[in-house]
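Understanding the architecture of this molecule
Listed here are the chains, written in short residue letters.
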Amino acid sequence: MPLTTRTLPSLRWSPSTPIPLRNPLSSSHPASHWRMGRKHSKPRPISCTVRFRPCIDIHKGKVKQIVGSTLRDSTDGGASALVTNFESDKSPAEFANLYKKDGLKGGHVIMLGADAASQSAAFEALRAYPGGMQVGGGINADNAMNYLEEGASHVIVTSYIFSNGKMDLERLKHLVKMIGKNRLVLDLSCRKKDGKYAIVTDRWQKFSDVILDKETLEFLAKYSDEFLIHGVDVEGKRFQLLMLVGSQQWQT
């Protein structure tokens, strides 16, 4: 059988300078421009922006990487059910100092529990990198300003704006009025239910009746500076969630 060949699209990079890394808190959008096309076809510009957001997850005062779907309340503090992939011997403040040294802004400190050790560790990380990191985990109207005053650039909120599985819009509006939209990140982490992604609260244990879709994202964008979205049940479903979120184009 004879073999056939064809010419693949060409790939050309136009700028003469290296790809710039964008400051996540900057309003500018430096980008590199790529052009792809077949021979004789009109080149199409594609803007590419790279942002890296570091994360410090804190559980009982320690930096850990856990399987999110195993985090739950129990009489032993969740120790029997929690699946931990990694636990660091470095403190949250050490990681924050590392990110500060490397100029990585816009990352987040997440307290995976309301224990005093995790709260203390979160404060240490925020003080180590003032204005450089967001904080989440048990944030509400009573303590949000305290975390901002201790150095957080934003507070990350989920459970506070939900009640009995329903969104409490009055709480959300009150929080925005108190701290400002530009300092609020809404955590819309979700799990799949009946073929759709539902926002989950209370350490990802409780399903809300709010479905993560285009209408929800567009509505909540009016009240927050950013979204933080985890696909709690990751295996086999992460790509579908990324397609949903990545397909949206935001105008803020």
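Keep in mind that what you see is a predicted model, and the values were worked out from it rather than measured.

1. A word on the overall build of the protein chain
Per the secondary structure count, the protein chain includes six helices and 16 strands. In the protein chain, which comprises 252 residues, the share counted as buried stands at 38%. Contacts in the protein chain between residues far apart in sequence, at least 24 positions, make up 60% of those at least 6 positions apart. Carbon and sulfur atoms make up 52% of the accessible area of the protein chain, which amounts to about 15300 Å² in all.

2. Regarding the packing of aromatic side chains
Across all of its chains, the model carries three aromatic pairs by this definition. Ring centres 6.4 Å apart and planes at 40° place the aromatic pair Phe95 and Tyr99 in the tilted group. Note that Phe95 and Tyr99 are positioned in helix H1 (residues 92–101) at a spacing of four residues, about one turn of the helix. Residues Phe95 and Tyr99 agree in their burial class; the two are buried. One residue, Lys193, lies across the ring of Phe207, its end atom 5.1 Å from the ring centre.

3. So, the pairing of strand E8 (residues 133–136)
Taking every second residue as pointing to the same face, both faces of E8 are buried, with Met133 and Val135 on one and Gln134 and Gly136 on the other. With four bridges joining them, strand E7 (residues 107–111) and E8 adopt parallel strand pairing. Bridge pairing in E8 links His108 to Gln134. Examined bridge by bridge, E8 and strand E9 (residues 155–157) share two bridges and lie parallel to one another.

4. Digging into the confidence of the model for the protein chain
For the protein chain, per-residue confidence averages 77 on the pLDDT scale, and residues scoring 70 or more make up 67% of the total. Below a pLDDT of 50 lies the segment residues 1–40, which in the model reaches 56 contacts outside its immediate sequence neighbourhood of four places, other chains included.

5. Quick look at the packing of H1 against helix H2 (residues 116–128)
Running from amino to carboxyl end, H1 crosses H2 at an angle of 20°, the nearest separation of the two axes being 8 Å. One element, H1, and the other, H2, form an angle in the roughly parallel class. Remark: the crossing between H1 and H2 carries right-handed chirality. Residue-level contacts link Pro92, Ala93, Ala96, Asn97 and Lys100 of H1 to Ala121, Glu124, Ala125 and Ala128 of H2. Across the contact of H1 with H2, the residue classes tally to six nonpolar, one polar and two charged.

6. Describing the sheet that holds strand E14 (residues 196–201)
Taken in spatial order, the three strands line up as E13-E14-E15 in an open sheet, and their pairing is antiparallel. In this open sheet, the two strands that pair with only one neighbour each are strand E13 (190–193) and strand E15 (206–211). For this sheet the average axis-to-axis angle between neighbouring strands, irrespective of direction, equals 50°. Relative to E14, E13 is paired through four bridges, and the arrangement is antiparallel. Bridge pairing links Cys190 to Ile199 in E14.

7. Some remarks on H2
With 13 residues, H2 extends 18 Å from end C-alpha to end C-alpha; this agrees with the ideal 18 Å at 1.5 Å per step. Those residues of H2 lying buried are Ser118, Ala121, Ala122, Phe123, Ala125, Leu126 and Ala128. Looking at the packing, one finds that the buried side of H2 touches strand E4 (55–59), H1, E7, E8 and helix H3 (144–149).

What counts, and at which threshold
- Residues numbered from 1 in each chain as written.
- Predicted model: local features only at pLDDT ≥ 70, side-chain atom pairs only at ≥ 80, totals over all residues.
- Heavy atoms only, no water.
- Helix = DSSP H or I, 4+ residues; strand = E, 2+ residues; numbered from the N terminus.
- Buried < 20%, exposed > 50% of the residue type's maximum accessible area, 1.4 Å probe, protein only.
- Contact = heavy atoms within 4.5 Å.
- Areas by Shrake-Rupley, 256 points an atom, 1.4 Å probe, with all protein chains shown as cover.
- Phe/Tyr/Trp six-rings, centres within 6.5 Å; stacked < 30°, edge-to-face > 60°.
- Lys NZ or Arg CZ within 6 Å of the ring centre and 35° of its normal.
- Pairing = 2+ DSSP bridges.
- pLDDT = per-residue confidence, 0-100.
- Axes fitted to C-alpha atoms, helices over the stretch in contact; angles between N-to-C directions.
- Parallel < 35°, antiparallel > 145°, perpendicular 65-115°, else oblique.
- Left-handed = near helix turned anticlockwise from the far one by under 90°.
- Nonpolar A, V, L, I, M, F, W, Y, C, P; charged D, E, K, R; others polar.
- Expected span 1.5 Å × (residues − 1).

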